[in-house]
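Coordinate analysis (summary)
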Amino acid sequence: MLMVFRREERYFTPDALNLVKAIASQVAVAINNAHLYELIRDQAERLGSMLRKEQEEASRSQAILEAVADGVLVTGPNNRITFLNSSIQKVLDIKSESVMDQPLEDFGGLFGKAASSWMQTIRGWSQSPGSYQSGETYAEQLELGDGRIALIHLAPVILQDDFLGTVSIFRDITHEVEVDRLKSELLRRSATNCALP
């Protein structure tokens, strides 16, 4: 409210009253703009705070994934590789620069037919996210070119029937497989030796 008064009667002329009305409407606009500016500033601060928290969380998640001893490979909704941790470079003997942001088919091509089931599962989930049953997992042994064996665990990232990508965990199990093979061979030889008269 803007009040203008003078003790004398009929002091304000119609022109003066129009001027006061114009000033009052300009002051009202300025006050309204100040309120809007305050609202915008508060919203910007809130959004900035949310963005900082989101970036901190993303950094924390990435640090955790980097610290994992197993190889981690993440694909996006378009089945392109979006993240590789440093462990996967050791497990699979690859350089992250050569496969980052590449289609999964190009990456799977490094392993030939051995990776076809893994890639078909990813393709199935991406094309039909509704077909995924909660708790469904995928695990497969993959023989690498140099004779090593990797165990792959795969899980989709699905939010309300929207396919967001997949997370694959690669573990080098060559040593465990070799130990199992040696145990089996030892038991077989032992059984053969016991059977001989």
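What counts as what
- Residues numbered from 1 in each chain as written.
- Predicted model: local features only at pLDDT ≥ 70, side-chain atom pairs only at ≥ 80, totals over all residues.
- Heavy atoms only, no water.
- Buried < 20%, exposed > 50% of the residue type's maximum accessible area, 1.4 Å probe, protein only.
- Helix = DSSP H or I, 4+ residues; strand = E, 2+ residues; numbered from the N terminus.
- Pairing = 2+ DSSP bridges.
- Expected span 1.5 Å × (residues − 1).
- Arc of directions from axis to C-beta.
- Core = buried A, V, L, I, M, F, W, Y, C linked by side-chain atoms within 4.5 Å.
- Contact = heavy atoms within 4.5 Å.
- Phe/Tyr/Trp six-rings, centres within 6.5 Å; stacked < 30°, edge-to-face > 60°.
- Salt bridge = Lys/Arg side-chain N within 4 Å of Asp/Glu carboxyl O.
- Patch = residues over 30% accessible without salt bridge, like charges linked within 9 Å, V, L, I, M, F, W, Y side chains within 5 Å.
- Areas by Shrake-Rupley, 256 points an atom, 1.4 Å probe, with all protein chains shown as cover.

**Comments concerning the pairing of strand β3 (residues 138-143)**
Taking every second residue as pointing to the same face, the buried face of β3 carries Y138, E140 and L142, while none of A139, Q141 and E143 on the other face is buried. The turn joining β3 and strand β4 (residues 149-159), which pair antiparallel and follow one another in sequence, is formed by five residues; a positive phi near 90° is taken by G147.

**Describing helix α5 (residues 116-127)**
In a regular helix each residue adds 1.5 Å, so twelve residues correspond to 16 Å; α5 covers 16 Å between its end C-alpha atoms and thus fits that length. Considered for burial, the residues of α5 that qualify are W118, M119, I122, W125 and S126. All buried residues of α5 fall inside an arc of 125° around its axis, so they share one side. Opposite the buried face of α5, at more than 90 degrees from it, the exposed residues are Q120 and Q127.

**As for the nonpolar core**
Of all hydrophobic cores here, the largest spans 24 residues; its most connected members are L73, L92, F107, W118 and F170. Secondary-structure elements contributing two or more residues to this core are β2 (81-84), α2 (86-92), α4 (104-108), α5, β3, β4 and β5 (162-172). It is α5 that contributes the most residues to this core, four residues altogether. In this structure F107 touches L73, I81, L92, I94, V99, W118 and F170, once residues within four positions along its chain are discounted.

**A word on the environment of L104**
Structurally, L104 is set in helix α4. The buried category is assigned to L104, whose relative accessible area is 3%. The sequence separation of L104 and N32 amounts to 72 residues, and the corresponding C-alpha distance is 54 Å. Residues contacting L104, with those up to four places away along its chain left out, are L73, T75, N79, I81, W118, M119 and I122.

**Considering the packing of aromatic side chains**
Taken as a whole, this structure holds one aromatic pair when the rule is applied. When the ring of W118 is compared with that of F170, the centres are 5.6 Å apart and the planes differ by 80°; the resulting orientation is edge-to-face. Separated by 52 residues along the polypeptide, W118 in helix α5 and F170 in strand β5 bring together distant segments of the chain. With respect to burial, W118 and F170 carry one shared label: buried.

**Considering the pattern of salt bridges**
Two side chains with opposite charge may pair up if their charged atoms get near one another. Counted according to the given criterion, the structure contains seven salt bridges. R181 is paired through a salt bridge with E178; the nearest N and O atoms lie 2.3 Å apart. Of this pair, R181 and E178 are both found in helix α6 (residues 174-195), three residues apart, which corresponds to roughly one turn of the helix. Taking relative accessible area as the criterion, R181 reaches 40% and is therefore assigned partly exposed. With a relative accessible area of 34%, E178 lands in the partly exposed category. Within the structure, one salt-bridge network assembled from shared partners comprises R41, D42 and E45.

**Digging into a nonpolar patch on the surface**
Where nonpolar side chains cluster on the molecular surface, the patch consists of L2, V4, L19, I23, V27 and I31 and spans about 520 Å² of accessible area. Structurally, V4 can be placed in the segment before α1 (14-67). With relative accessibility at 43%, the residue V4 sits in the partly exposed group.

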